[in-house]
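In case you want the letters, here they are:
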Amino acid sequence: MNYFGKISLGSLLCCMTAGAAQAQKISIKPDSTVISNAYVRLTVHTYSGYIDYQFSNGVRLQHTVATINETQAGQLSSTDFSRHQCNTTPVQDANGRGILLHLTHRDPAKALQLEQQITIYEKAAHLLLKVQATGNTTLETRNISPLTILPGQQSYLSVPGSNSRLLDVPFDNDNWVPIVTRQWPSLSGISYEFTSIYDQQTLSGLVAGSVTHDFWKTGIRYGAGKVNGRIDSFIVYGGAATPDDRNLPPAYGGLDGTHDHFPHGAMQGRTVSSPLIFLSATTDTRLAFTAYGKANVQTAGKSEWKGNAPFYWNSFGVENVLGYTKIMMPPDVLKTSDFIASMSNFNKYAPPVLSIDSYDQSIYTTEVLAAIGEHGRKNRQQMGFYFIPFAVWTWKNTVETQQLSGTQTPLSEVVLRDGNKQPIMYKEGDWAAYAIDPSHPATRQSIIQQLLKAKAIHATFIKIDFLTAGALESSTRYNKDIRSGMQAYSEGMKMLRSLVDSIMGPDIFLTMAISPMFPHQYAHTRFVSTDVYSHLRDDQPGFPHYGSTAASLAAGSHMWWMQGTLWPFTNLDVVVMKNFQQNPDLSEQEIKVRLYAMMVMGSILGDGSDLRQPVAAERFRKFLDHPALCAWFSHPAAFTPISMSEGDTQDQQLTFYHKGDTTLLAAFNFLQDKPFESSWQTATVLKDKRDYEIRDFLSNALLGEIRKGQASFTLSIPAKDALLVKLVPRN
């Protein structure tokens, strides 16, 4: 028999008192409980166990359930239970005061019960959701969902608007896989950690994502038919573990998943819990994403950075492994140091970093790197250091015959293994990268040895790479209490950061290259995309079909909110002044577009040029020693997008603005044959109604004006170009 468990008098009085002050309301009926605030109306159907969400912007989630796939009990939904008991308690945390709803699902015939927990705040426009299962014996699950919409049963998610889009996000930034926006009709797939469903014109819509990342990889599986803005299947779950499928396009199941070779690890205990999920539907999803970033920080914290952002030169743009092809040898690094020292504005802020990337250790020994560092210190420069904490590059099939570097432990004891107990190749090939276990003491010892090298050369800037390897699921692990890849990775990153702080001190700048997006709190910045080679478009003749400015900014247009929330800065990789490794030469226009892209993302400033080349040196003086550009990059901040990327095409036209002491506008036209007439609403970008001059950011040339009371204005951007202007008030 279904029943509604009454809310206790004390809880009810607390909630209703809070509701009066906080504009929260609770309505109790025999068959439902309704909790509402200014943003959402949440209806609990206490006979069936369904929950409905109706947001003030028109977004609806109808007949949602929670689910678990438990090893013994099998697949269970909250509506499979016969009894659904509801109660509430008041809460107060960093988001303010609110109500915590407990919805418990019980059944005498079942060995476990489910409890959904939903926090509704008065002044915060988002909800926090999770579900936990409790049993009299140990439970085990690899898949648990606090928010599921299944086809049929009148269940659906709907977003108003005529131009609906769904944001599909890869698990990490590897393989140059783009973030894509999907259109109706008939779309399906998995987004990882977060997603958004929104109207392209108004930006009104829904944002959903995980805010806990210590055990689960969170997947958001979606399926929609022909009705615009309606999703018939929407499953937010802990337990995503997807292999690469080379038969599919990279962003559509080919390379955008978790790269796993083994099922997601199982959570065990008398109580097992889902990830905590953020859910918000507002008239501006940009604000919801900023709130999502802040919710992650409230849960896990973040790394702070005092003072100016670092400027750096990175060796990888010259040759892929420094020394390997003899393109640049140690004496030429000293010449690079001397050249950089001659730049007045590039040296005006934080001491520049000589970031020595992957290198041939028989040439660039610790002693050689220390000598470079000593030379750099005379030029008021810092040293950078590169290492890979959770993977080992070696020749294929040599795992059984070597030791893990820096230890006496056989590599065979440390590698992660698939279901057939075979070593997992994180990067396949004759020269392969093997994933190693973050929980193994030898991994810790290897990291210590790397950090001792970094300390020996007085490095203050560390780039860590190929981190996703540490998050892979494995059939074996040293620490048996570590039961999932994300749990191992989270503990590994915590260990790594602790070692950096204890061995090298607290003022070491950490940047993550190839990595999962979360957990975020152990570094100061992360690559928005993988390596960027500075050519304009991926389909540019003669260049690689990846690593372009267009591709990186298309992804960045959906991730701008991370700067200032998750990290003090982002990292859009380096700009190059002439050519990246063996790629063709770049034009000055491509370099300008690249720098503007880095500016709007709030990126730190890095250069990867061979500065022995006269053209590269001259362009460095022109662009990277520019006083206004250096002043900006000393304290970079992300611009807010007005238009974001569409689909997965290179034909993007993107606009951004930044309000500060001086308002800045940026527009990018990646089309190859058409100009971009970018229209701007004055009220959006200006604080007052004075007369303004429109001036080019780099040249300060007068490009136009905005008259007092003018409602809108237009900026024209030629094909394959970008414009960044400042709006200067007239006296």
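Each chain carries its own residue numbering, running from 1 in the written order of its sequence. This being a predicted model, a pLDDT of at least 70 is required before a residue's local features are given, and a value of 80 or more before pairs of side-chain atoms are given or counted; all residues contribute to the totals for chains, interfaces and linings. Here the side-chain values reflect all heavy atoms present in the structure, with hydrogen atoms and water set aside.

### As for the packing of helix α7 (residues 549-556) against helix α8 (residues 588-600)
- Note on geometry: axes are C-alpha line fits, over the in-contact stretch for helices, and angles between N-to-C directions span 0 to 180 degrees. Each helix is a run of DSSP H or I of at least 4 residues and each strand a run of E of at least 2, with the numbering of both proceeding from the N terminus. Packing of α7 against α8 brings their axes to within 10 Å, and their N-to-C directions diverge by 15°. Relative to α8, the element α7 is oriented roughly parallel. Considering the relative orientation of α7 and α8, their crossing is left-handed. Contacts from T549, S552 and L553 of α7 reach α8 at V593, R594, A597 and V600.
- In the contact of α7 with α8, the residues fall into 4 nonpolar, 2 polar and 1 charged. Geometric relationships in this document are graded by angle, where less than 35 degrees denotes roughly parallel, more than 145 denotes roughly antiparallel, 65 to 115 denotes roughly perpendicular, and other angles denote oblique. For any helix crossing, the convention is left-handed if the near helix is rotated counterclockwise from the far helix by under a right angle, and right-handed if that rotation is clockwise. Note on contacts: a residue pair qualifies if any of its non-hydrogen atoms lie within 4.5 Å across the two residues. Gly falls in the polar group here, along with every residue not listed as nonpolar (Ala, Val, Leu, Ile, Met, Phe, Trp, Tyr, Cys, Pro) or charged (Asp, Glu, Lys, Arg).

### Comments concerning the nonpolar core
- Residues grouped as a nonpolar core are buried Ala, Val, Leu, Ile, Met, Phe, Trp, Tyr and Cys residues, joined through side-chain atoms within 4.5 Å. Classification of residues uses two cut-offs on accessible area relative to the type maximum, computed with a 1.4 Å probe and protein chains only: under 20% is buried, over 50% is exposed, and between them is partly exposed. Ranked by size, the top nonpolar core spans 125 residues in total, and within it F194, L624 and F668 carry the most contacts.
- At 9 residues, helix α6 (residues 485-504) tops the list of elements feeding residues into this core.
- With near-sequence residues (within four places) excluded, F668 lies in contact with L553, V593, Y596, A597, V600, Q652, Q653, L654, F656, F676, D721 and A722.
- Counting 37 residues, the second largest nonpolar core, distinct from the first, contains L127, L147, W184 and V236.

### Re unusual backbone geometry
- For the peptide bond that leads from W184 to P185, omega is 5°, which places it in the cis range.
- Within the secondary structure, P185 sits in the loop between β13 (180-183) and β14 (187-192).
- Each neighbour pair has its own omega, and for F518 with P519 the value is -5°, a cis peptide bond.
- Within the fold, P519 resides in the loop between β29 (509-512) and β30 (525-526).
- Although it is not a glycine, N397 adopts a positive phi angle of roughly 65°.

### As for the domain arrangement of the protein
- Domain delimitation follows an automatic or database domain assignment. Domain annotation of the protein identifies domain 1 (25-300), domain 2 (312-386 + 441-466 + 489-637) and domain 3 (651-729).
- Placing a centre on the C-alpha atoms of domain 2 and another on those of domain 3 gives a separation of 30 Å.
- Facing the 22 residues of domain 2 at the interface are 20 residues of domain 3.
- The term buried area refers to how much accessible surface (probe radius 1.4 Å) is lost by two components on association, counted for both of them together. Interface of domain 2 and domain 3: buried area, both sides summed, is about 1800 Å²; carbon and sulfur atoms make up 74% of it.
- Here, a salt bridge means any Lys or Arg side-chain nitrogen found within 4 Å of an Asp or Glu carboxyl oxygen. For the interface between domain 2 and domain 3, the tally reads 2 salt bridges.
- Where D721 meets K592, a salt bridge forms, and the shortest distance between an N and an O atom there is 2.8 Å.

### Digging into the packing of aromatic side chains
- Note on aromatic contacts: the rings of Phe and Tyr and the six-membered ring of Trp form a pair at centre separations within 6.5 Å, being stacked when their planes are under 30 degrees apart, edge-to-face when over 60 apart, and tilted otherwise. Taken as a whole and judged by the stated rule, the model has 32 aromatic pairs.
- With 5.7 Å between their ring centres and 80° between their planes, F194 and F289 make a pair best called edge-to-face. Taken together, the positions of F194 in strand β15 (residues 194-199) and F289 in helix α2 (residues 285-300) put the pair 95 residues apart, joining distant regions of the chain.
- Judged by its relative accessible area of 0%, F194 is buried.
- Pairing F339 with F620 gives two aromatic rings, centres 5.5 Å apart and planes at 80°, and the pair type is edge-to-face. Separated by 281 residues along the polypeptide, F339 in helix α3 (residues 330-341) and F620 in helix α9 (residues 614-624) bring together distant segments of the chain.

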